[in-house]
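So you can see what is in the structure, the chains are spelled out below.
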Amino acid sequence: MKYILVTGGVISGVGKGVIASSFGTLLKSCGLDVTSIKIDPYINIDAGTFSPYEHGEVYVLDDGAEVDLDLGNYERFLDVTLHRDNNITTGKIYKLVIEKERTGEYLGKTVQVVPHITDAIQEWVERVAQTPVQGSSKPQVCIVELGGTIGDIEGMPFVEAFRQFQFRVKRENFCLAHVSLVPLPKATGEPKTKPTQSSVRELRGCGLSPDLIVCRSEKPIGLEVKEKISNFCHVGPDQVICIHDLNSIYHVPLLMEQNGVIEYLNERLQLNIDMSKRTKCLQQWRDLARRTETVRREVCIAVVGKYTKFTDSYASVVKALQHAALAVNRKLELVFIESCLLEEETLHSEPSKYHKEWQKLCDSHGILVPGGFGSRGMEGKIRACQWARENQKPLLGICLGLQAAVIEFARNKLGLKDANTTEIDPNTANALVIDMPEHHTGQLGGTMRLGKRITVFSDGPSVIRQLYGNPKSVQERHRHRYEVNPKYVHLLEEQGMRFVGTDVDKTRMEIIELSGHPYFVATQYHPEYLSRPLKPSPPFLGLILASVDRLNQYIQRGCRLSPRQLSDASSDEEDSVVGLAGATKSLSSLKIPITPTNGISKSCNGSISTSDSEGACGGVDPTNGHK
């Protein structure tokens, strides 16, 4: 087994996750089986109770583990299926050691950080590195990313563990890559290497010497700077890799390959890679990176969420949209809309923001309502679903997005004006969304319906089933505490809302579709977790296709993209005709009432006004596992 440890210096968030994923991509493209481990030095057992403003989204694995979003990068880049133990935290290690102490496994010895904690870390890494992540074959290379930065007090036990580990597995089986920031101050106009020098000095003081130094910078770094880092950090010039900011992360493995990373790792770790076949190694990645640069036509998707101030809160959603847009040769333009700004309270308190957000929603080609927890912004999500339904705008709802769509439909089509979810109003007379038996009110961590579950399709016609390839069932990952109340399903279906997917017992609603709508689909599961760059998620692909008015053609062709759809070289004349037809269709489908209906009206000049009084941007999100 070969190990590549990736550490970071100067600042956190420098791009260790993408660099680690790129190492794995390069080696996998050369025919090696690769696995990944992410180490998070925080004391939490897992990421399940994090606020998205703290660490971004919570990523969910097949086995239900709630982990750091970097594991999502690993799965997308390497196309593997990771497991719960591929994410190590300080909390997990200490819990393991304390449990052993309680059962007497240390035979009365004084339990200490060294050797007991450090030994537990090394044993965990060795054990997980042997676990298959693709098929049944054991991995040959394990990429380990150590979170945080060198010098953080909480990460010191892990640094010490790997100082010992390099001798445990021998030098030819262990390689260390240190990722550091090379800032470019505007005052001087030249890159500064001193932070990298200090970071490497501290790393060497801990007993670890980097084999590769990956320099992250805003702009490309010259040879003179590279030689300076080489001279002061005790590595050869060919061991200094410069990765500047790129238009797409898909270019990162290609840039690393151009810098000779494959040759160096092949020699350093004695990998015995057949270098004669190297030109074919990354062809798919080259094609993907080229497409990100050549697409011209745009598709605008509005993401109506609760945590839009920090885009990493929706990292997997953004990636899934990008995968789907690239598949149909469209350049994705994302518009993030804070859902609470769509509510009537904002109209009274900040009317300019209210009208601005509604204008952005109206101008988009499609709408995505992602998951979340808590009351804040829920009414804004409901109003976005209403506008999409009434104005024939393509919409995809995920998790809470499905629940918002169901509540909106019950209020405005069934006449149940007090319809709500028990998460927000436990005493509502019409609880359209209720909590599940798995929900434990006293313990928040790991008590949701988590992981990969089977969704069974109904027998009737279904757009989303066709997008999946007409299977009887699919398996997708879940993360939710609440579900649609089955008592109201028949009433909703009588008015045109179709529940086309359920769990195996047909008691839990998984997928809804709206009859007579271009694309109004919502899922209780999270399809974004299984989206891959070369295999986009079907619900996201359907949203993009509907947003560019190509969904019907795609389905008529047996869910295959036509050469014209795959080509971005369509004539200006066709674009003009399609654009004019789309604009005419949009104008004719818009409902422009003289007096406000359902609380939302649209005037001829495109401004939005409201007359209802429900929904406020009040309430505070709970700290119990945000999405």
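Here is what the cut-offs are and how they apply
- Residues numbered from 1 in each chain as written.
- Predicted model: local features only at pLDDT ≥ 70, side-chain atom pairs only at ≥ 80, totals over all residues.
- Heavy atoms only, no water.
- Helix = DSSP H or I, 4+ residues; strand = E, 2+ residues; numbered from the N terminus.
- Buried < 20%, exposed > 50% of the residue type's maximum accessible area, 1.4 Å probe, protein only.
- Contact = heavy atoms within 4.5 Å.
- Areas by Shrake-Rupley, 256 points an atom, 1.4 Å probe, with all protein chains shown as cover.
- Pairing = 2+ DSSP bridges.
- Axes fitted to C-alpha atoms, helices over the stretch in contact; angles between N-to-C directions.
- Salt bridge = Lys/Arg side-chain N within 4 Å of Asp/Glu carboxyl O.
- Patch = residues over 30% accessible without salt bridge, like charges linked within 9 Å, V, L, I, M, F, W, Y side chains within 5 Å.
- Polar contact = N/O pair within 3.5 Å; in protein donor to acceptor, adjacent residues only side chain to side chain.
- Expected span 1.5 Å × (residues − 1).
- Arc of directions from axis to C-beta.
- Phe/Tyr/Trp six-rings, centres within 6.5 Å; stacked < 30°, edge-to-face > 60°.
- Core = buried A, V, L, I, M, F, W, Y, C linked by side-chain atoms within 4.5 Å.
- Left-handed = near helix turned anticlockwise from the far one by under 90°.
- Nonpolar A, V, L, I, M, F, W, Y, C, P; charged D, E, K, R; others polar.
- pLDDT = per-residue confidence, 0-100.

J.: Please clarify how the overall build of the chain should be interpreted in this entry.
T.: Helices and strands together make up the secondary structure of the chain, namely 22 helices and 23 strands. For the chain, the proportion of its 627 residues judged to be buried stands at 57%. Within the chain, residue pairs in contact and separated by at least 24 positions form 73% of the contacts whose partners lie at least 6 positions apart. Total accessible area on the chain is roughly 26000 Å²; 51% of this is exposed by carbon and sulfur atoms.

J.: Is there a simple way to think about the sheet that holds strand E2 (residues 34–40) in this case?
T.: In spatial order, the strands read E5-E2-E6-E1-E7-E8-E9; together these 7 strands make up an open sheet with parallel pairing. Either end of the sheet is taken by a strand with one partner, and the two such strands are strand E5 (87–89) and strand E9 (240–244). On average, adjacent strands in this sheet sit at an angle of 20 degrees to one another, irrespective of strand direction. Of the strands in this sheet, strand E1 (2–9), strand E7 (174–181) and strand E8 (212–217) are in contact with helix H7 (residues 194–205), which crosses E7 at around 145 degrees. Docked against the sheet, helix H8 (residues 223–233) engages E8 and E9, running at close to 135 degrees with respect to E9.

J.: What is the right way to look at the pattern of salt bridges in this model?
T.: In a structure, side chains of opposite charge can pair up when their charged atoms sit close to one another. Counted under the stated rule, the structure contains 29 salt bridges. One salt bridge connects arginine 127 with aspartate 85, and the closest N-O pair in it is separated by 3.0 Å. A residue pair is termed long-range when its members are at least 10 positions apart, and arginine 127 in helix H5 (residues 113–129) and aspartate 85 in the loop between helix H3 (70–78) and E5 qualify at 42 residues. With relative accessibility at 43%, the residue arginine 127 sits in the partly exposed group. Between glutamate 483 and arginine 508 there is a salt bridge, with the nearest N and O atoms lying 2.9 Å from each other. With a gap of 25 residues between them, glutamate 483 in strand E18 (residues 482–484) and arginine 508 in the loop between strand E19 (497–502) and strand E20 (509–514) connect regions that are remote in the sequence. Among the charged side chains, a network of salt bridges with common partners joins Asp62, Glu75, Asp79, Lys452, Arg477, Arg532 and Lys535.

J.: So what exactly am I meant to see when it comes to a nonpolar patch on the surface here?
T.: Side chains of Tyr94, Ile98, Val113 and Val114 sit close together on the surface and give an oily, nonpolar patch of about 320 Å² of accessible area. Secondary structure elements with two or more residues in the nonpolar patch: helix H4 (90–102) and H5.

J.: Before we go on, may I ask you to explain the side chain of serine 230 in this structure?
T.: Mapped onto the fold, serine 230 is located in helix H8. A residue is classified by how much of its surface remains accessible, and serine 230, at 8% relative accessible area, is buried. A polar atom in the side chain of serine 230 sits 2.5 Å from the backbone oxygen of valine 235. In this structure, serine 230 is in contact with Val235, Gly236, Pro237 and Val240, ignoring residues within four places of it in sequence.

J.: What am I meant to see in helix H14 (residues 351–363) here?
T.: Counting along an α-helix, one turn takes 3.6 residues, and residues three or four places apart therefore face a common direction. Look at H14: 18 Å from first C-alpha to last across 13 residues, which is about the 18 Å you get at 1.5 Å a residue. Taken together, the buried positions of H14 are Tyr354, Glu357, Trp358, Leu361 and Cys362. Taken around the axis of H14, the buried residues stretch over an arc of 140 degrees, which confines them to a single face. Exposed side of H14, more than 90 degrees from the buried face: Ser352 and Lys356 are the residues found there.

J.: Hey, could you run me through the pairing of E9 in this one?
T.: For a regular strand, side chains alternate in direction, first toward one face of the sheet and then toward the other. In terms of burial, E9 is a largely internal element, 4 of the 5 residues being buried. Two strands pair when backbone bridges link them, and E8 and E9 are joined in this way by 5 bridges, in the parallel orientation. If you follow cysteine 215 over to E9, its bridge partner there is cysteine 242.

J.: Would you mind showing me how to read the packing of aromatic side chains here?
T.: Any two aromatic rings considered together are summarised by their centre-to-centre distance and by the angle between their planes. Tallied over the full model, the rule gives 10 aromatic pairs. These aromatic residues form a ring-pair network of at least three members: Tyr3, Phe162, Phe165 and Phe174.

J.: When you look at the nonpolar core in this model, what are you seeing that I'm missing?
T.: Most often, soluble globular proteins keep nonpolar side chains buried together rather than apart. Core analysis: the largest hydrophobic core is formed by 51 residues, its most contacted members being Ile4, Phe23, Leu27, Ile143 and Leu265. Looking at which element gives the most residues to this core, the answer is helix H1 (residues 16–29), with 6 residues. With sequence-adjacent residues up to four places away left out, isoleucine 4 is seen in contact with Leu27, Val141, Cys142, Ile143, Val144, Cys175, Leu265 and Leu269. Core analysis: the second largest hydrophobic core is formed by 44 residues, Ile367, Val484, Tyr488 and Ala522 among them.

J.: For this particular structure, what's the right way to read the packing of H5 against helix H6 (residues 156–168)?
T.: When two helices pack together, their arrangement is captured by the angle between the axes and the distance separating the axes. The geometry of H5 relative to H6 is characterised by a closest axis approach of 9 Å and an angle of 65 degrees between their N-to-C directions. Crossing of H5 against H6: the hand is right-handed. Between H5 and H6, the residues in contact are Val113, Val114, Ile117, Thr118, Asp119, Ile121, Gln122, Glu123, Val125 and Glu126 and Pro157, Phe158, Glu160, Ala161, Phe162, Gln164, Phe165 and Arg168, respectively. Grouping the constituent residues of the contact of H5 with H6 by class yields 10 nonpolar, 3 polar and 5 charged.

J.: Sorry, what's going on with the pairing of E19 here?
T.: Within E19, 5 of the 6 residues are buried, which leaves the element mostly enclosed by the surrounding structure. Summarising the sheet, strand E16 (residues 449–457) and E19 pair through 2 bridges and their orientation is antiparallel. Among the inter-strand pairings, phenylalanine 457 is bridged to a residue of E19, identified as glycine 501. Both E19 and E20 contribute to a ladder of 5 bridges, which runs antiparallel. The residue bridging phenylalanine 499 from the neighbouring strand is isoleucine 512, located in E20.

J.: Sorry, what's going on with the sheet that holds strand E11 (residues 331–338) here?
T.: Sheet strands associate in pairs through backbone hydrogen bonding, adopting either a parallel or an antiparallel arrangement. In space, the 9 strands of this open sheet follow the order E11-E10-E12-E13-E21-E20-E19-E16-E17, with mixed pairing throughout. On the outer flanks of this sheet lie E11 and strand E17 (473–480), each paired with one strand and no other. Geometrically, the sheet is characterised by an average inter-axis angle of 25 degrees between neighbouring strands, direction not taken into account. Strands in contact with helix H12 (residues 315–327) are strand E10 (298–305), E11 and strand E12 (366–369); relative to E11, the strand with the most contacts, it is inclined by about 150 degrees.

J.: It is not clear to me how the confidence of the model for the chain should be interpreted in this structure. Could you clarify?
T.: Segments scoring low in pLDDT should not have their predicted coordinates read at a detailed level. Taken over all residues, the pLDDT of the chain has a mean of 85, while the share at 70 or more is 87%. Counting interchain partners and residues more than four positions distant, the pLDDT-below-50 stretch residues 569–627 has 114 contacts.

J.: Could you clarify how one ought to interpret the side chain of glutamine 166 in this entry?
T.: Its location among the elements puts glutamine 166 in helix H6. Residue classification places glutamine 166 among the buried positions, given a relative accessible area of 16%. Looking at glutamine 166, its side chain comes within polar contact range of the main-chain oxygen of glycine 207, at 2.9 Å. Leaving out residues up to four positions away in the same chain, glutamine 166 has contacts with Arg171, Phe174, Gly207 and Leu208.

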